[in-house]
Amino acid sequence: MTEARVVAAIQARTGSSRLPGKVLRPLAGRPVLEWMVRAARASDGVDEIIIATSTASGDDAVASLGERLGVRVVRGSEDDVLSRFVLARAETGADALVRLTADCPLADPALISSVVAVWRSDPSLDYVATTLVRTLPRGLDVELVSKAALAEADREAEDYHRTHVTSYLYAGPRQFRTMGLVVAPPANDLRVTLDTAEDAATLDAIVTELGDRPPAWREVVELLRSRPDIVGINADVRQKSLADG
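Residues numbered from 1 in each chain as written. Predicted model: local features only at pLDDT ≥ 70, side-chain atom pairs only at ≥ 80, totals over all residues. Heavy atoms only, no water.

Description of the nonpolar core
Thought 1: Core analysis: the largest hydrophobic core is formed by 58 residues, its most contacted members being L33, V98, L100, L106 and L144.
Thought 2: The set of elements that each furnish at least two residues to this core consists of β1 (6–11), α1 (32–41), β4 (48–54), α2 (60–68), β6 (96–101), α4 (109–121), α8 (197–210) and α9 (217–226).
Thought 3: Element by element, the count of residues in this core is highest for α1, at seven residues.
Thought 4: The contacts of L100, once residues within four sequence positions are left out, are A8, A9, I10, Q11, M36, A40, I112, D141 and V142.
Thought 5: Formed by 22 residues, the second largest nonpolar core is a distinct cluster that contains A9, A129, V145 and A149. (Core = buried A, V, L, I, M, F, W, Y, C linked by side-chain atoms within 4.5 Å. Buried < 20%, exposed > 50% of the residue type's maximum accessible area, 1.4 Å probe, protein only. Helix = DSSP H or I, 4+ residues; strand = E, 2+ residues; numbered from the N terminus. Contact = heavy atoms within 4.5 Å.)

Below you can see the structure in the form of structure tokens.
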């Protein structure tokens, strides 16, 4: 029996209402998107990486960076991000896609590996994620969706569920087979994603301390628990709701 094929799909585009071009912003000298590619490459159980960007002309630079990094690129709708993931799955023949977002450059390869390992141990699961019960800092999210569940979401999901790709699987009208990973003690009060100028300053400060490498999530948490000055940089930033897009 052929082993299931798992592909990490990184969604990336330059359009952003709060911080345009954020996925190409330098962090310790390399684009934020490259940080995510590097983390995915360092994870176990991922057979290929693909960047899912849009056909908008502004995303030509995203596609070019992907090519320079030796990563396959698929381009589709700017707003219907779910359809981009459907294209990525068809392009790669994946049995499951790991959803990663380019604005989360501190992704921990061990977390990606753990999510993939859980699904490989039970491929009947539709969705495995670190976000079903959020205990990690925002910005260390890892999600995996099976081929069948992605197809069902594509057939049925509407409105903002198409923007958020996976939200139909955990917040839609029907139930899927899901499993969540949690950590203790919880650190979901912390924020290391990139959506505003304050977030960018926070990430710069973290990388100055931890260096130019994919950090372990515990390192990030331990640093931030010891440095309230860094936490305070983006403490007032509020995450958009699902319906906000």
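Structure's up, so let's keep going.
Thoughts on the sheet that holds β4
Thought 1: Strand order in the open sheet formed by seven strands is β5-β4-β1-β6-β8-β7-β9, with mixed pairing between adjacent strands. In this open sheet, the two edge strands, each paired with only one partner strand, are β5 (72–76) and β9 (178–180). Each adjacent strand pair in this sheet contributes to an overall mean axis angle of 20°, direction not counted.
Thought 2: Lying over the sheet, α1 contacts β1, β4 and β6, oriented at roughly 155° with respect to β4.
Thought 3: Its contacts with the sheet put helix α5 (residues 147–156) on β6 and β8 (143–146), and the angle it makes with β8 is roughly 85°. (Pairing = 2+ DSSP bridges. Axes fitted to C-alpha atoms, helices over the stretch in contact; angles between N-to-C directions.)

Remarks on the side chain of T53
Thought 1: One can find T53 in strand β4.
Thought 2: What T53 contacts, discounting residues up to four positions off in sequence, is A12, R13, D59, V62, V73, V74, R75, G76 and R84.

Side note on the environment of A61
Thought 1: Turning to its location among the elements, A61 is positioned in helix α2.
Thought 2: In this structure A61 comes out as partly exposed when scored by relative accessible area, which is 37%.

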